[in-house]
Amino acid sequence: MSACLKASLSVHGRIQPTPQKLSLATNCKAAAQTAQARSPADAFAHLVSAKFAFDLNLPESGNTYLAVSHLIAPYEVWLARWRWEVAEPRFDILDERARNAYWDDVTLLAQSYIGAEDLARRYVSDEVFRARLDNILVHFNEHDQAQFFHFVRIAHGLGND
């Protein structure tokens, strides 16, 4: 399932013709659902199902799978990073449950070393995302804000100080 996500999110995967993208989405969603049937508490399988449900224009299913993935593993940074990767470009179609999961994941990522790096790069390059994240950052304590903006300075190419 990891290969499915990586293939679909890679540059090569994103430039494939629509029939190939749909074939990948159909096959990967089926593999994820098989994994879910074997292990209903597999948050990664729910995440993969979410990604490919969205790709197959099934937003209700995508939102449900995304929210369930978060409910199963809300504090797993590696999963939060993948969920953010899936949810961010679809922010406008997230329902309330998936959007709440998104905010929780972004908050967790902004306070983690690995996640803060990714968010900082997006923060620098995407004005809409920056405005959304600013609404979270104002609630951080001074230390967490300073840590996040350290990564923003690096993303801007201003160094490590």
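Residues numbered from 1 in each chain as written. Predicted model: local features only at pLDDT ≥ 70, side-chain atom pairs only at ≥ 80, totals over all residues. Heavy atoms only, no water.

J.: Where do I start with the nonpolar core in this structure?
T.: As a rule of thumb, nonpolar side chains are buried together in soluble globular proteins. Counting residues in each nonpolar core, the largest one holds 43 residues, and the members touching the most others are Leu-47, Leu-66, Leu-94, Tyr-102, Leu-119, Leu-133 and Phe-148. Broken down by element, this core gets its largest block of residues, eight residues, from helix H4 (residues 43-55). Each residue touching Leu-47, except ones within four places of it in the same chain, is listed here: Leu-5, Leu-66, Ser-69, Leu-79, Trp-82, Arg-83 and Val-86. (Core = buried A, V, L, I, M, F, W, Y, C linked by side-chain atoms within 4.5 Å. Buried < 20%, exposed > 50% of the residue type's maximum accessible area, 1.4 Å probe, protein only. Helix = DSSP H or I, 4+ residues; strand = E, 2+ residues; numbered from the N terminus. Contact = heavy atoms within 4.5 Å.)

J.: Sorry if this is basic, but what is going on with the state of the cysteines here?
T.: Covalently bonding the sulfur atom of one cysteine to the sulfur atom of another cysteine gives a disulfide. In this structure the tally under the stated criterion is one disulfide. Each disulfide pairs two cysteine sulfurs, and for Cys-4 the partner residue is Cys-28, the sulfurs being separated by 2.1 Å. Residues Cys-4 and Cys-28 share a disulfide whose torsion about the S-S bond is about -85 degrees; that sign makes it left-handed. Taken together, the residues span a long stretch of sequence, with Cys-4 in helix H1 (residues 2-9) and Cys-28 in helix H3 (residues 18-38) at a distance of 24 residues. Under the relative-accessibility criterion, Cys-28 is labelled buried at 2%. (Disulfide = S-S within 2.5 Å.)

J.: Before we go on, may I ask you to explain the packing of aromatic side chains in this structure?
T.: Where two aromatic rings form a pair, the distance of their centres and the angle of their planes describe that pair. Applying the stated criterion to the full structure yields nine aromatic pairs. Between Trp-84 and Phe-129, the aromatic rings sit 5.8 Å apart at their centres with planes inclined by 50 degrees, giving tilted as the arrangement. With Trp-84 in helix H6 (residues 77-87) and Phe-129 in helix H9 (residues 127-137), this residue pair connects regions lying 45 residues apart in the sequence. Of the residues examined, Trp-84 reaches a relative accessible area of 5% and is grouped as buried. On the accessibility criterion, Phe-129 (1% relative accessible area) is buried. On the basis of an interplanar angle of 75 degrees and a centroid distance of 5.5 Å, the ring pair of Phe-148 and Phe-149 is categorised as edge-to-face. Classification of Phe-148 by relative accessible area gives buried; the value is 0%. (Phe/Tyr/Trp six-rings, centres within 6.5 Å; stacked < 30°, edge-to-face > 60°.)

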